[in-house]
Every structure is written in structure tokens, then in C-alpha cells.
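Single-letter residue listing:
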Amino acid sequence: VVGDGGELEAVDTLFEGNDAIGHMGGAVALVGAGSFSALRSTFSGNSATRGGALAVLAAGASASLVSTTLEANSATLDGGAIYATAGATSLANETLLRANECGADSEGASLYLTADANVAYELPAPLGRWVLADGGVAPLPQGGYGELPYACAPGVFGGARAFVAQSGPS
């Protein structure tokens, strides 16, 4: 848990098997105006009621995930990997959300964000993936998301890291 004024930085870190059922943020929860950054890290097998791996819950909170993978995390309600209700969250430089899950009637197998959350994906994406970006940044509207960035369609392979090549499904 990161509270007001708190800072947590993780580099080349594995967050695995953390459980916060009954709470939010299985591995990390931002509950105050603090900051969290993860570089080249992995979140796997974490679980919570909301935000199996990460919950960003406070105005003034900021989370930055760079070259980080979130997979096989789960939430009994919303946001199998990430649940954001406030603050700013940046997913950047080949960060990948895949194979996360949440409850059957819930939203956002990988990511769920409310209207007060500011979440953006900053290219480049992993090869073979894309987001609808303008100038290399894709602000994400409120709602639930499965895998992110999106996989290229069958028969289409994204083999370039240039923003223009990853800014749409073609």
C-alpha cells in the first residue's frame, strides 16, 4: 500500500501470488497521493476483489508501468490486472496486459477504469500489437479492457516499432 507522499519504485521485480481478496490491489494499492513505478517487472498470479495486480484509487496518485508484463492476475469483481478510479496511470514502452480475468458479470478482464481515472498507453507496443494512438499516445476512455495492447488480426503482423505502424489495426 502506497499512501500520501509515499513512493515505491520496482525495477526487474516479480510480483507473484499476492492475495488481497476483500480489498483492492493484490500486489500494489495506491490509496493516497503517492507514486508507484515499475520498470521491466512482472505481475503474475496476484488476486484481489478489484485490481488483481494494481489499484490506483486516489486523486494525486500516479502509477507508471514501463516494459512491464501483467498476466494471469485475477479479480473477483472488476479489473483482473488493474483497477483505476482516480489519479494518473501510464502504460508504456511495450507494457503488456494479457491472460488476466475477472468475475463473470464484471468488467475489464485486464483493466477497468472509471471516469475519474486518467489512463494512457504510450507506444511502442510489443511487436504484433497495436493501440489507437495519436502522436504515440492512446488515452483510454472509461470502461473495461481485455488484452492490451490489442493483438494484430490473423494474417496481419506488426513488425515495426514506429508509432505510425502501431497506431491502428492495419
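Details of the structure are given in the entry above.
A. Region of interest: the overall build of the protein chain. Looking only at helices and strands, one finds 1 helix and 21 strands in the protein chain. In summary, the protein chain has a C-alpha radius of gyration of 15 Å against a globular reference of 15 Å for 170 residues, a match within 12%. The dimensions of the protein chain, computed from C-alpha atoms along their principal axes, are 40 × 35 × 30 Å. For the protein chain, the proportion of its 170 residues judged to be buried stands at 50%. On the protein chain, roughly 7,400 Å² of surface is accessible, and the fraction owed to carbon and sulfur atoms is 51%.

B. Broad picture of the environment of leucine 70. By secondary structure assignment, the location of leucine 70 is in strand 10 (residues 69–71). According to the relative accessible area criterion, leucine 70 is buried, its value standing at 0%. With 16 residues separating them in the primary sequence, leucine 70 and leucine 54 have C-alpha atoms 9.5 Å apart. Each residue touching leucine 70, except ones within four places of it in the same chain, is listed here: Phe43, Ala53, Leu65, Ala81, Ile82, Thr95, Leu96, Leu97, Arg98 and Asn100.

C. View of the pattern of salt bridges. Inspection of every chain in the model, using the stated rule, returns 4 salt bridges. In this structure, aspartate 12 engages arginine 40 in a salt bridge whose closest nitrogen and oxygen atoms are separated by 2.8 Å. With aspartate 12 in the loop between strand 1 (7–11) and strand 2 (14–16) and arginine 40 in the loop between strand 5 (35–39) and strand 6 (42–44), the pair connects residues that are 28 residues apart, well separated along the chain. The exposure class of arginine 40 is partly exposed, given its relative accessible area of 44%. As a salt-bridge pair, arginine 129 and glutamate 147 come within 3.1 Å of each other at their nearest N and O atoms. One end of the pair, arginine 129, is in strand 18 (residues 129–130); the other, glutamate 147, is in the loop between strand 20 (143–145) and strand 21 (150–151), with 18 residues separating them in the sequence. In this structure glutamate 147 comes out as partly exposed when scored by relative accessible area, which is 36%.

D. Structural detail: the side chain of threonine 68. Inspection of the secondary structure puts threonine 68 in the loop between strand 9 (62–66) and strand 10. Look at threonine 68 and you get buried, because its relative accessible area is 0%. Among the polar contacts listed, one links the side chain of threonine 68 to the backbone oxygen of alanine 38, at a separation of 3.3 Å. Side-chain polar atoms of threonine 68 contact the backbone oxygen of valine 66, separated by 2.9 Å. Once you skip the residues sitting within four places of it in the chain, threonine 68 turns out to touch Ala38, Leu39, Arg40, Ser41, Phe43, Glu94, Thr95 and Leu96.

E. Region of the structure containing the sheet that holds strand 7 (residues 47–50). The strand order 3-7-11-15 describes an open sheet built from 4 strands, whose pairing is parallel. The outermost strands of the open sheet, each flanked by one partner alone, are strand 3 (19–24) and strand 15 (101–102). Judged from the 2 bridges that link them, strand 7 and strand 11 (residues 74–75) form a sheet pairing that is parallel. Looking at strand 11, one finds that alanine 48 is bridged to alanine 75.

F. Just the pairing of strand 17 (residues 118–122), in detail. Both strand 13 (residues 88–92) and strand 17 contribute to a ladder of 5 bridges, which runs parallel. Looking across to strand 17, one finds that alanine 92 is bridged to glutamate 122. Of the pairings in the sheet, the one linking strand 17 to strand 19 (residues 137–140) comprises 4 bridges and is antiparallel in character. Looking at strand 19, one finds that alanine 120 is bridged to proline 139.

Reading the values: rules and limits
Residues numbered from 1 in each chain as written. Predicted model: local features only at pLDDT ≥ 70, side-chain atom pairs only at ≥ 80, totals over all residues. Heavy atoms only, no water. Helix = DSSP H or I, 4+ residues; strand = E, 2+ residues; numbered from the N terminus. Rg over C-alpha atoms; globule rule 2.2 N^0.38 Å. Buried < 20%, exposed > 50% of the residue type's maximum accessible area, 1.4 Å probe, protein only. Areas by Shrake-Rupley, 256 points an atom, 1.4 Å probe, with all protein chains shown as cover. Contact = heavy atoms within 4.5 Å. Salt bridge = Lys/Arg side-chain N within 4 Å of Asp/Glu carboxyl O. Polar contact = N/O pair within 3.5 Å; in protein donor to acceptor, adjacent residues only side chain to side chain. Pairing = 2+ DSSP bridges.

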